[in-house]
Amino acid sequence: MAVLKVKFTKSRRDKLAQILWVLNWVSVVSGIILFSLGLFLKIEIKKRNEVMAKGDINSVPNMLISVGVIACIINFLGGKICYDCSDTNKFSRWKLVMLPYIVCTFCFTFCILVGALMCYTMRNELEESLYLGLRNAIKFYKDTDIPGRCFLKKTVDLLQIGFQCCGNNGFRDWFEIQWVSPRYLNMASKEVLDRLKSNVDGKFLVDGVPFSCCNPSSPRPCIQYQLTNNSAHYNYDFLTEELNIWVKGCREALLDYYTAIMRSIGIAALLIWWFELSVLIGVRYLQTAMKNVLLLGDLEGESDGWILENSFVETAKYNINIIKNLGKANQISTVSGMNDPNIDVENTNCGKNNVTTKSIPADS
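Calculation rules
- Residues numbered from 1 in each chain as written.
- Predicted model: local features only at pLDDT ≥ 70, side-chain atom pairs only at ≥ 80, totals over all residues.
- Heavy atoms only, no water.
- Helix = DSSP H or I, 4+ residues; strand = E, 2+ residues; numbered from the N terminus.
- Buried < 20%, exposed > 50% of the residue type's maximum accessible area, 1.4 Å probe, protein only.
- Contact = heavy atoms within 4.5 Å.
- Phe/Tyr/Trp six-rings, centres within 6.5 Å; stacked < 30°, edge-to-face > 60°.
- Lys NZ or Arg CZ within 6 Å of the ring centre and 35° of its normal.
- Disulfide = S-S within 2.5 Å.
- Salt bridge = Lys/Arg side-chain N within 4 Å of Asp/Glu carboxyl O.
- UniProt positions renumbered as here; feature names shortened; annotations may be inferred.
- Axes fitted to C-alpha atoms, helices over the stretch in contact; angles between N-to-C directions.
- Parallel < 35°, antiparallel > 145°, perpendicular 65-115°, else oblique.
- Left-handed = near helix turned anticlockwise from the far one by under 90°.

The next point concerns the overall build of the chain. What the chain contains, in helices and strands, is nine helices and two strands. Put simply, the chain runs from its N terminus to its C terminus through helices and strands in the order β-α-α-α-α-α-α-α-α-β-α. For the chain, the proportion of its 364 residues judged to be buried stands at 38%. Sequence separation of at least 24 residues holds for 73% of the intrachain contacts in the chain that already meet a minimum separation of 6.

Below you can see the structure in the form of structure tokens.
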């Protein structure tokens, strides 16, 4: 029994073909939107590439860019097919192409759904990439004279100012690394030497943060050093008073930023998926209706259209059997003595072994 069978008159078939022609051109625009969203996300990730570890975070924008390009090509072809389906004679040349086209479009539509879901499932990979990338960027913050790292100080400072954040997880991350370059340390100072000797690794560690962590909205001058020393500052208690530096870590700030972008892109991709799926269903109805009207031979008469010719279970069993039997016709038996059916077959003369050969009489 056919699934979701609908009866079409000639006028309804023509109207369906015209509507699908318009919708396919709208789908071309949706493909351009998908491509643009993927390109935008790729550019946004590229902007902060220095504070991200290499990983699979580019898989989402690459997927969106790919399906966007494919959408433009497939829907352009679909528009041409639907336009020709309004004429039965023109449909004949697309008759063998439409079913493979529908199968390819279904696979492509499924890729759009996968791309939309990836926008919601990449949070963990993105968080890990940001954690490792920010940790390395902060670690090499002081290396302003080393080629390949000299840009990291500016990158981290602009990041902390722009996203109003400090450190990887928080401002205390700066307490655990030496972020002041040795060229700016007075090695003749006893305080500096004592601090270097007090650390096992010989690092100059302070309970301070770079200037880019300062909150310009704070009512008091920015306190960058001795943040945990209440006696070093007048009327100051770091446990109770709201610090005049950014408290949120940059990993959290960037993660919220990219999550909001990918959530919006995911919603847009889901809407496009629903639209593409509805267009695909319409093309399937048009294909089956036009196929049946040709079988009936009455080009002006009614015809049935459906999603599946048989039930879901029967269709699944049929396709599974095709997959199972695929290639069996080309298999050669490997049983001993059975490689060639013509081997070891006795020669027979159909019971005429004793027939005497007549000699040709000689001319007298």
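Attention now moves to the side chain of Thr-109. Positionally, Thr-109 belongs in helix 4 (residues 95-121). Setting aside its immediate chain neighbours within four residues, Thr-109 contacts Trp-273, Glu-276, Leu-277 and Leu-280.

Our next topic: the packing of aromatic side chains. By the definition in use, this model includes eleven aromatic pairs. With a centroid separation of 6.0 Å and an interplanar angle of 55 degrees, the aromatic rings of Phe-8 and Tyr-285 are classed as tilted. Within this pair, whereas Phe-8 is found in strand 1 (residues 6-8), its partner Tyr-285 is found in helix 8 (residues 250-296), the two being separated by 277 residues in sequence. Classification of Phe-8 by relative accessible area gives buried; the value is 6%. For Tyr-285, a relative accessible area of 14% translates into the label buried. In this arrangement the basic side chain of Arg-12 is found over the ring face of Phe-8, its NZ or CZ atom lying 5.3 Å from the centre.

Tallying each qualifying case throughout the model produces three disulfides. The side chain of Cys-166 participates in a disulfide bridge whose partner is Cys-213; the two sulfur atoms lie 2.1 Å from each other. Here the disulfide of Cys-166 and Cys-213 is right-handed, its torsion about the S-S bond being about 85 degrees. One end of the pair, Cys-166, is in the loop between helix 6 (152-162) and helix 7 (190-198); the other, Cys-213, is in the loop between helix 7 and helix 8, and 47 residues separate them in sequence. Grouping residues by exposure puts Cys-166 and Cys-213 together as buried. Sequence-ordered numbering of the bonded cysteines in the chain gives a disulfide pattern of 1-6, 2-3, 4-5.

One pass over the structure, following the stated rule, counts eleven salt bridges. For Asp-143, the salt bridge goes to Arg-149, with nearest N and O atoms at 3.1 Å. The class of Asp-143 is buried, set by a relative accessible area of 10%. Asp-194 serves as the salt-bridge partner of Lys-190, at 2.8 Å between the closest nitrogen and oxygen. Of this pair, Lys-190 and Asp-194 both sit in helix 7, separated by four residues, roughly a single helical turn. Among the residues examined, Lys-190 registers a relative accessible area of 60% and is labelled exposed. One connected set of salt bridges, linked through shared partners, spans Glu-44, Lys-47 and Arg-48.

Moving on, we get to the environment of Val-26. Looking at the secondary structure, you find Val-26 in helix 1 (residues 10-47). C-alpha separation for the pair Val-26 and Gly-79, spaced 53 residues apart in sequence, amounts to 9.6 Å.

Another point: the UniProt feature "transmembrane region" (unreviewed entry) in the chain. Mapped onto the present numbering, the UniProt feature "transmembrane region" (unreviewed entry) falls at residues 20-40, 60-78, 98-120 and 265-286. Helix makes up 100% of residues 20-40 and strand makes up 0%, while its end C-alpha atoms are separated by 30 Å.

With that out of the way, let us pick up the packing of helix 1 against helix 2 (residues 59-84). Look at helix 1 against helix 2: their axes get within 7 Å of each other, and the N-to-C directions meet at 165 degrees. On the basis of the axis angle, helix 1 is roughly antiparallel to helix 2. In terms of crossing hand, the pair formed by helix 1 and helix 2 is left-handed.

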